[in-house]
Amino acid sequence: MKRAGRVRELLRPASIRGRLTWLVAVSALLPLIAGAALAAGSLRDYLAREAVDYTSRKTVAVPRLVDGDPDAQLFYAAEKLRDDPRLQVETGIEPRKERWEPGPGVTDHEPPHGDELLSLWPWTDPGSRTPSLDYILVGTEGRYLHVFNRLQNEQRRLNHLVGLLAGAVLLVTAALAGATWFVAGRVLRPVEAIRTQFAELTAHHLERRVPVPPTRDEVARLAATMNKTLDQLQAAVDQQRRFVGDASHELRSPLAALRAELEIALAHPGDAEWTAVAEAALGDTRRLQSITSDLLLLARLDATGTDGLPGAQPVDLAALVREEVRRRPEGRRALEVRIEGGAPFTVHGRHTLIARLLGNLLDNADRHAAHTVTVRLGHDAARRVAVLHVEDDGPGIHPDDRQRVFERFTRLDDARTRATGGTGLGLAIAHHIATVHRGTLEITDSPRGARFTTTLPVTDPCPAQGPTD
C-alpha cells in the first residue's frame, strides 16, 4: 500500500508546480519519442539499403575483372573481396550451379527491408547471430564464390545513432521540465508570498495586506482583489467593534439609571414617590425597548441584500408620504408637504420599511428644526428615480460630518446632542433602508438647516419634468 501511495504521489504531485512540470515533460516526451522512432526507422532503412548496394557492387564488379582459368578467376575475386573488412568470403564447388546469381537475402529487383537486416533494440542485432546479407557468385564447372556481410558495421552505426536520438530526447525533455519548474516557481512565487501573508492574518491583525506583484497579470489582480476584500473586512470588523461598544454603552446607561432609581426608592421606601419612580422606570424601559428594537432592525437589514428584499411589492410613495404626515402628532414645528406632479410615484419595496425611513427623517428634522419642517417629493426623469427631500431650518450639519451622521450611535456636538433625544440609530436605519431598496440617502446643500435627500428607483413612467433640487 505504501509503495502504491508513493507511485500515486509521483504520478500526481501535490503542488501545481510539480503537476505543471510533469504535464509539460509528458507532453514533450511523447512526440519526441514518436519523432525519434520515425527518424531511427528511416536511418535503419537507409543503412540497410546502403549495405545491400555496397555488397552487390562488390560481388558484381570483381568477377568481371578476370577472364580465363575459373580457379584463377575465383581465387583472384576472393582475394579482392577479402581485403574488405566489411565482407567475408567462402569458395567451393557446386556442380548444379552454372551461372552467377545472388544468394538468399537479396534479389535482383527488391532489396530486403531494413527490419529484416538491422535491429533498433540492443542485444538483438541480427548480424551477431547469423549472416544478414548473402551473395553466391556461381562460375563455370560448378565453382562458386560465397560472399556475405554480417552488417556489424551498419548495426554499430545504427546503435550509435539510436543512442544519440535517445539521449537527445531525454536531454530535451529534461531541459523542458527544468525550464518549466523554474518558470513555474517564478510565476507562483507571488502566490506563495500571498498565501504566507494571508495565513498570518487574524481577527486582531487585519491591518496586514498581501503583497501585490509588480505585474498586471492574474496573480496581481488576485492580490489586489484580496487586499480590497481585506479592506472591506477590516472596515466591517471595525464597525462591528464600534457598534458593540456603542450598543453596550447605550444599553448600560438606561439600565444604570433604572437600577439607581429603584435602589434609591427601596432604600427609603417611606419617602419615595412611587408614582414618579414608576414613571422614570417606564421611561428608561421605553428607551431600552427602542434601542433593542432598532438594533434588531439593523441586524435584519444587515442580513438583507439588495437582490432579494422579502415582502417587496409596489408602493405608492406619494400616498405613503401623505399617510405618514397625517399620522404624526402636531408639534411645535410646522410641517409642510409638497408633492410635485399628479402621477403616482410607484417604487418597489416594503411599505413598512419605507415608512420607517420617512418617520426617522421626520423625527430627526423635528428635533432640530427651529420653526418648520418641509417634505418635498418629486421625480428625476433622467435617472428614473423618485426624489424625497426632508428639510429643517435648524443649525444644519457641517460638510465634514455629513457622512458620519449615518454611522450607528453617532451624535454631533452643539445642537445635535443626546439631550435632544433619540438613540443615535435613526439615521443609520434610514440609510440602510434606502440602500436595501437600491436607493441613496445623503445630505445635500440647502440655504438653511439640513436637507436629507432620498432617491428610490421608480417602476412607473416618470412625468416629463426635470430633477428636483
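These numbers were taken from a predicted model, which means no experiment stands behind them.

Thoughts on the environment of Leu-282
Phase 1 of the analysis: You can see Leu-282 is positioned in helix α7 (residues 274–302).
Phase 2 of the analysis: Residues Leu-282 and Leu-258, 24 residues apart in the sequence, show an inter-C-alpha distance of 8.8 Å.

Some words on the sheet that holds strand β10 (residues 451–457)
Phase 1 of the analysis: The sheet built from five strands is open, its strands ordered β5-β7-β8-β10-β9 with mixed pairing. Single-partner strands in this sheet number two, and they are β5 (334–339) and β9 (440–444). Between one strand axis and the next, the sheet turns through 15 degrees on average, direction left out of account.
Phase 2 of the analysis: Pairing geometry for β5 and strand β7 (residues 372–380), over six bridges, is parallel. Across the sheet, residue Val-337 finds its bridge partner in β7, namely Val-375.
Phase 3 of the analysis: Along the sheet face, helix α10 (residues 426–436) touches β9 and β10 and points at about 125 degrees away from the line of β9.

Observations concerning α10
Phase 1 of the analysis: Judged by how many residues are buried, α10 sits mostly within the fold: eight of 11 residues are covered.
Phase 2 of the analysis: Within α10 the residues assigned to the buried category are Leu-427, Ala-428, Ile-429, Ala-430, His-432, Ile-433, Ala-434 and Val-436.
Phase 3 of the analysis: Residues of α10 that are buried in the fold lie against α7, α9 (351–368), β9 and β10.
Phase 4 of the analysis: In the segment just after α10, Arg-438 is the residue with positive phi, at about 60 degrees.

Side note on helix α8 (residues 317–327)
Phase 1 of the analysis: If you check which residues of α8 are buried, you get Leu-317, Ala-318, Leu-320, Val-321, Glu-324 and Val-325. On an axial view of α8, the arc spanned by its buried residues comes to 160 degrees, and they lie on one face. Those residues of α8 that are exposed and aimed more than 90 degrees away from the buried face are Arg-326 and Arg-327.
Phase 2 of the analysis: Packed against the buried residues of α8 are β4 (313–316), β5, β6 (346–349), α9, β7 and β8 (385–392).
Phase 3 of the analysis: The N-terminus of α8 is capped by Asp-316, whose side-chain oxygen sits 3.2 Å from the backbone nitrogen of Ala-318.

Some thoughts on the pattern of salt bridges
Phase 1 of the analysis: Here the structure, examined in full by the defined rule, presents 13 salt bridges.
Phase 2 of the analysis: Taking the shortest distance from any N to any O, the salt bridge between Arg-157 and Glu-50 comes out at 3.0 Å. Separated by 107 residues along the polypeptide, Arg-157 in helix α5 (residues 152–199) and Glu-50 in helix α2 (residues 16–61) bring together distant segments of the chain.
Phase 3 of the analysis: Assessed through its relative accessible area of 35%, Arg-157 is described here as partly exposed.
Phase 4 of the analysis: Judged by its relative accessible area of 25%, Glu-50 falls in the partly exposed class.
Phase 5 of the analysis: Note that Glu-218 is salt-bridged to Arg-221, the shortest N-O span being 3.8 Å. Linking Glu-218 with Arg-221, this pair stays in helix α6 (residues 218–267), spanning three residues, or about one helical turn.
Phase 6 of the analysis: Here the residues in one salt-bridge network are Arg-376, Glu-391 and Arg-451, joined through shared partners.

Some remarks on the packing of α9 against α10
Phase 1 of the analysis: Where α9 contacts α10, the two axes come as close as 9 Å, and the packing angle between them is 145 degrees. Helix-helix and strand crossings are classified by hand; for α9 and α10 the assignment is left-handed. Here Leu-353, Ile-354, Arg-356, Leu-357, Asn-360, Leu-361 and Asn-364 of α9 come into contact with α10, specifically with Gly-426, Leu-427, Ile-429, Ala-430, Ile-433 and Ala-434.
Phase 2 of the analysis: In the contact of α9 with α10, the residues fall into nine nonpolar, three polar and one charged.

Re the confidence of the model for the chain
Phase 1 of the analysis: In this model, the chain carries an average pLDDT of 76, and 75% of its residues clear a pLDDT of 70 or more.
Phase 2 of the analysis: Between residues 414–420, whose pLDDT stays under 50, and residues either more than four places distant or in other chains, the model counts 19 contacts.

Let's talk about the packing of α7 against α10
Packed helices, taken two at a time, are described by the angle between their axes plus the distance between the axes.
Phase 1 of the analysis: It is the contact of α7 with α10, at a shortest axis distance of 10 Å, that shows an interaxial angle of 25 degrees. It follows from the interaxial angle that α7 and α10 lie roughly parallel. Crossing of α7 over α10 shows left-handed handedness. On the side of α7, the interface is formed by Asp-294, Leu-297, Leu-298, Leu-301 and Asp-302, while α10 contributes Ala-428, Ile-429, His-432, Ile-433 and Val-436.
Phase 2 of the analysis: Of the residues in the contact of α7 with α10, the class split is seven nonpolar, one polar and two charged.

Observations regarding the environment of Glu-442
Phase 1 of the analysis: Relative to the helices and strands, Glu-442 resides in strand β9.
Phase 2 of the analysis: Here the alpha-carbon distance between Glu-442 and Phe-452, two residues 10 residues apart in the chain, equals 5.8 Å.
Phase 3 of the analysis: Residues contacting Glu-442, with those up to four places away along its chain left out, are Phe-406, Arg-451, Phe-452 and Thr-453.

What about the environment of Arg-383?
Phase 1 of the analysis: By the secondary structure assignment, Arg-383 is in the loop between β7 and β8.
Phase 2 of the analysis: Under the relative-accessibility criterion, Arg-383 is labelled exposed at 52%.
Phase 3 of the analysis: In this structure, the C-alpha to C-alpha distance between Arg-383 and Pro-457, residues 74 residues apart in sequence, is 8.2 Å.
Phase 4 of the analysis: A polar side-chain atom of Arg-383 sits 2.8 Å from a polar atom in the side chain of Asp-380.

Criteria and cut-off values
- Residues numbered from 1 in each chain as written.
- Predicted model: local features only at pLDDT ≥ 70, side-chain atom pairs only at ≥ 80, totals over all residues.
- Heavy atoms only, no water.
- Helix = DSSP H or I, 4+ residues; strand = E, 2+ residues; numbered from the N terminus.
- Pairing = 2+ DSSP bridges.
- Axes fitted to C-alpha atoms, helices over the stretch in contact; angles between N-to-C directions.
- Contact = heavy atoms within 4.5 Å.
- Buried < 20%, exposed > 50% of the residue type's maximum accessible area, 1.4 Å probe, protein only.
- Arc of directions from axis to C-beta.
- Polar contact = N/O pair within 3.5 Å; in protein donor to acceptor, adjacent residues only side chain to side chain.
- Salt bridge = Lys/Arg side-chain N within 4 Å of Asp/Glu carboxyl O.
- Left-handed = near helix turned anticlockwise from the far one by under 90°.
- Nonpolar A, V, L, I, M, F, W, Y, C, P; charged D, E, K, R; others polar.
- pLDDT = per-residue confidence, 0-100.
- Parallel < 35°, antiparallel > 145°, perpendicular 65-115°, else oblique.

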